[in-house]
Amino acid sequence: MDNIEYYKQNFEDLKNISDDFCSKTVSQCKFTSCDFSSADLSSSSFEDCLFENCNLSLANFENSHLQNMMFKNCKILGVNFTKANQFGLEIGFKDCLIKNCNFCHMNLNKTKFENCDLSETDFIGTKLNGANFQDSKFKQVAFNNTSLEKADFRNASGYSINPFTNNLKKAKFS
């Protein structure tokens, strides 16, 4: 743990975060009501972290390691998650607003998107086997050449998934 800059810390109401966490190692931290809009989080390592009631609009995760990272009740607009380091990537979302985000060609098997409002977001070529979209609302979300085997869409609404261009084997729908 020699190179960990932030360990087991709680951050509340942080504002005007520009590059405070850029190229930093953050482990087992909780962020509550923080404003990360347009923050440069590139080349950082976030491990076992919780973001709750945060604004992550236009945050830059380029080359960042995101392991066991959970977003709860967060506003996430215009984030390109494909630029994050894909090795060991593990993220989850609950009660989040996710709009204009890019998850294309990522491996997001078993990822939770529970009770989220997803709009104008792309999952083209993404592996979402066993993903949980329960109770989520979809608007103009692109699924094409997406693997959704055993994905759970129960009580979700607004999705449009072509069964001829996506793998829906054993997916669950209401």
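Check the entry above for the structure.
An account of the accompanying structure is given in this report. All values reported here derive from a predicted model rather than from experimental measurement. Residue positions are given per chain, counted from 1 along the sequence in the order it is written. This being a predicted model, a pLDDT of at least 70 is required before a residue's local features are given, and a value of 80 or more before pairs of side-chain atoms are given or counted; all residues contribute to the totals for chains, interfaces and linings. Only hydrogens and water are set aside when side-chain values are computed; all heavy atoms of the structure are taken into account.

## Section: the environment of Ser-38
Helix and strand assignments follow DSSP, with helices taken as H or I runs no shorter than four residues and strands as E runs no shorter than two, numbered in order from the N terminus. Within the secondary structure, Ser-38 sits in the loop between β4 (30-32) and β5 (45-47). The spatial distance from the C-alpha of Ser-38 to the C-alpha of Glu-62 is 12 Å, given a sequence separation of 24 residues. Among all residues touching Ser-38, those that are not within four sequence positions of it are Ser-57, Leu-58 and Ala-59. Residue contacts follow a heavy-atom distance rule, with two residues in contact if any of their heavy atoms lie within 4.5 Å.

## Focus: unusual backbone geometry
Phi at Asn-115 takes a positive value of approximately 50 degrees, unusual for a residue other than glycine. Its place among the elements puts Asn-115 in the loop between β12 (113-114) and β13 (117-119). Within the chain, Lys-170 stands out as a residue other than glycine whose phi angle is a positive 60 degrees. Mapped onto the secondary structure, Lys-170 falls in the loop between β15 (152-153) and β16 (172-173).

## So, the layout of surface pockets
Of the voids in this model, the largest pocket is the one considered here, and its volume is about 230 Å³. With a 1 Å grid spanning the protein atoms alone, the term cavity applies to any set of points in which a 1.4 Å probe fits but cannot get out, the term pocket to an open set with protein on both sides within 12 Å along at least five of seven lines, and the term lining residue to any residue with an atom within 4 Å of a point. Taken together, 14 residues line the largest pocket, and the ones lying closest to its centre are Leu-89, Glu-90, Ile-91, Asn-109 and Thr-111. Listed by contribution, the elements that provide at least two residues to the lining of the largest pocket are β8 (69-72) and β10 (91-94). Residue type decides the class: Asp, Glu, Lys and Arg count as charged, Ala, Val, Leu, Ile, Met, Phe, Trp, Tyr, Cys and Pro as nonpolar, and the leftover types, Gly among them, as polar. Residue classes in the lining of the largest pocket are distributed as five nonpolar, six polar and three charged. Grid points are joined across faces, edges and corners, and a volume is the space filled by probe spheres set on the points.

## Quick word on the sheet that holds strand β14 (residues 137-139)
The sheet built from four strands is open, its strands ordered β9-β11-β13-β14 with parallel pairing. Both edges of this open sheet fall to β9 (75-77) and β14, since each of them pairs with a single strand only. The average angle at which neighbouring strand axes cross in this sheet is 5 degrees, direction not considered. Where strand β11 (residues 97-99) meets β13, three bridges bridge the pair, whose relative direction is parallel. Following the sheet pairing, Ile-98 is matched in β13 by Leu-118. At least two bridges found by DSSP between two strands is the condition for calling them paired. Every axis in this analysis is a line fitted to C-alpha atoms, fitted for helices over the stretch in contact. Angles between the N-to-C directions lie between 0 and 180 degrees.

## A short note on the state of the cysteines
We call a pair of cysteine sulfur atoms a disulfide whenever their separation is within 2.5 Å. All chains considered together, the criterion is met by zero disulfides. Cys-34 provides the cysteine sulfur closest to Cys-54, a residue in no disulfide bond, and the two sulfurs are 4.6 Å apart. Only protein chains enter the area calculation, which uses a 1.4 Å probe; residues under 20% of their type maximum are buried, those over 50% are exposed, and those in between are partly exposed. Note on Cys-54: relative accessible area 2%, which makes it buried. Here Cys-104 is not cross-linked by a disulfide; its sulfur's nearest cysteine counterpart is in Cys-101, at 11 Å.

## Here we look at the pattern of salt bridges
A side chain with one charge can pair with a side chain of the opposite charge if their charged atoms come near. Basic side-chain nitrogens of Lys or Arg form a salt bridge, by our definition, when they fall within 4 Å of a carboxyl oxygen of Asp or Glu. Per the stated rule, a full pass over the model turns up two salt bridges. The shortest N-O distance in the salt bridge between Lys-30 and Glu-52 comes to 3.5 Å. Here Lys-30 is found in strand β4, whereas its partner Glu-52 is found in strand β6 (residues 50-52), with 22 residues between them in sequence. Residue Lys-30 is classed as partly exposed on the basis of its relative accessible area of 32%.

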